[in-house]
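# Structure at a glance
Residues per chain are reported as follows:
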Amino acid sequence: MKKISCAAAPAAIGPYSQAIAIEGLSGGLVYTSGQIPLSPVTGEVVGDDITTQAKQVMSNLKAILNEAGCDFNDVVKTTCFLTNMNDFAAFNEVYAECFTEKPARSCVEVSALPKGVLVEVESIAVQKGNV
């Protein structure tokens, strides 16, 4: 088991890792923590609409996946949290630009997310070879 941490995504704001890689003989799995739309530079929330926030979430997720030797095409499962299901269509537009391979997904509405953001996404990716 290896902790994945990169400066190109926001530091964890609680007692958790950006991601954990489980290594095996021919690769492994990478479990990312939920990413919210924080700037990796300032640690502040980016944007106040679902599209801007979703783009920042995907940027943060991409950075962590890249640090683990993965990309969006290696993701096999995502869990997406929205504070308003009315944002579903706009969120899907951003999501579809990144996840062209269409991994399995759950998307749920929640009453609140950290720092009052509108969206959070976590993923599980297949790691090809060890980090």
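Preceding block: the structure.
These lines cover the structure that appears in this document, whether it is placed above or below. Here the structure is a predicted model, which means the values were calculated and not measured. (Residues numbered from 1 in each chain as written. Predicted model: local features only at pLDDT ≥ 70, side-chain atom pairs only at ≥ 80, totals over all residues. Heavy atoms only, no water.)

### Observations concerning helix H2 (residues 88-98)
Rules: Per-residue accessibility, obtained with a 1.4 Å probe over protein chains only, is compared with the maximum for each type, and a residue is labelled buried under 20%, exposed over 50%, and partly exposed between these values. Secondary structure elements are taken from DSSP: a helix is a run of H or I of four residues or more, a strand is a run of E of two residues or more, and numbering for both begins at the N terminus. What the arc describes is the spread of directions from the helix axis to the C-beta atoms. Any pair of residues with heavy atoms lying within 4.5 Å of one another is described as a contacting pair.
Taken as a whole, H2 has its buried residues at Phe91, Val94, Tyr95 and Cys98. Taken end-on, H2 shows its buried residues confined to a sector of 100°, consistent with a single buried face. Those residues of H2 that are exposed and angled more than 90 degrees off the buried face are Ala89, Glu93 and Glu97. Packing partners of the buried residues in H2 comprise helix H1 (50-67), strand E4 (75-82), strand E5 (104-109) and strand E6 (119-127).

### Notes on the side chain of Asn60
The test is simple: Within 3.5 Å is the distance limit for a polar contact, defined as a pair of N or O atoms, with the added protein rule that one can donate a hydrogen and the other accept it, and that residues adjacent in sequence qualify only through two side-chain atoms.
Relative to the helices and strands, Asn60 is located in helix H1. Judged by its relative accessible area of 0%, Asn60 falls in the buried class. At 3.0 Å, the side chain of Asn60 and the backbone oxygen of Ile36 are in polar contact. A polar contact is formed between the side chain of Asn60 and the backbone oxygen of Leu38, at a distance of 3.0 Å. Other than its neighbours up to four places away in sequence, Asn60 contacts Ala9, Pro10, Gln35, Ile36, Pro37, Leu38 and Pro40.

### Observations concerning unusual backbone geometry
Look at Lys102: it is not a glycine, yet its phi comes out positive at around 55°. Here Lys102 shows up in the loop between H2 and E5. Taking the relative accessible area as the measure of exposure, Lys102 reaches 70% and is therefore exposed. Positioned with a positive phi, Lys115 is a non-glycine residue whose angle comes to about 60°.

### Description of the environment of Thr83
With respect to the helices and strands, the residue Thr83 is situated in the loop between E4 and H2. Judged by relative accessible area, Thr83 falls into the partly exposed class, the value being 22%. Along the chain, Thr83 and Glu120 lie 37 residues apart, while their C-alpha atoms are 9.1 Å from each other.

### Topic: the packing of aromatic side chains
Spelled out, the test is: For Phe, Tyr and Trp, where Trp contributes only its six-membered ring, two rings pair if their centres lie within 6.5 Å, and the inter-plane angle classes them as stacked under 30 degrees, edge-to-face over 60, or tilted in between.
Scanning the entire structure with this criterion turns up 3 aromatic pairs. Taking 4.6 Å as the distance between ring centres and 35° as the angle between the ring planes, the aromatic pair formed by Tyr95 and Phe99 counts as tilted. Look at Tyr95 and you get buried, because its relative accessible area is 7%. When its relative accessible area of 3% is taken as the criterion, Phe99 is described as buried.

### Concerning a nonpolar patch on the surface
Quick reminder of the rule: Candidate patch residues must exceed 30% relative accessible area and have no salt bridge, after which like charges are joined if within 9 Å and Val, Leu, Ile, Met, Phe, Trp or Tyr side chains if within 5 Å. Here the open area of atoms and residues is found with the Shrake-Rupley method and a 1.4 Å probe, where only the protein chains shown may cover a residue. A pairing counts as a salt bridge when a side-chain nitrogen of Lys or Arg comes within 4 Å of a carboxyl oxygen of Asp or Glu.
A cluster of nonpolar side chains, contributed by Met1, Ile22, Leu29, Tyr31, Val76 and Val126, occupies part of the molecular surface with about 530 Å² of accessible area. Within the secondary structure, Met1 sits in the segment before strand E1 (2-4). Residue Met1 is classed as exposed on the basis of its relative accessible area, which comes to 79%.

### Some remarks on the pairing of E5
One face of the sheet, then the other: side chains in a regular strand alternate in exactly this way. Worth spelling out the cut-off: DSSP-based pairing: two strands are paired if at least 2 bridges between them are found. Convention used here: a crossover is right-handed provided that the path from the first strand, over the helix, to the second strand proceeds clockwise when the strands point away from the viewer.
With 6 bridges joining them, E4 and E5 adopt parallel strand pairing. Across the sheet, Thr79 pairs through a bridge with Ser106, a residue of E5. You can see the chain leave E4, run along H2 and come back into E5, and the turn it takes is right-handed.

### A short note on the environment of Glu67
Examined against the element boundaries, Glu67 turns out to sit in helix H1. Glu67 sits in the partly exposed class, given a relative accessible area of 42%. Sequence spacing of Glu67 and Ala7 is 60 residues, and the spatial spacing of their C-alpha atoms is 9.5 Å.

Functional significance is not addressed by these values, which are geometric in nature.
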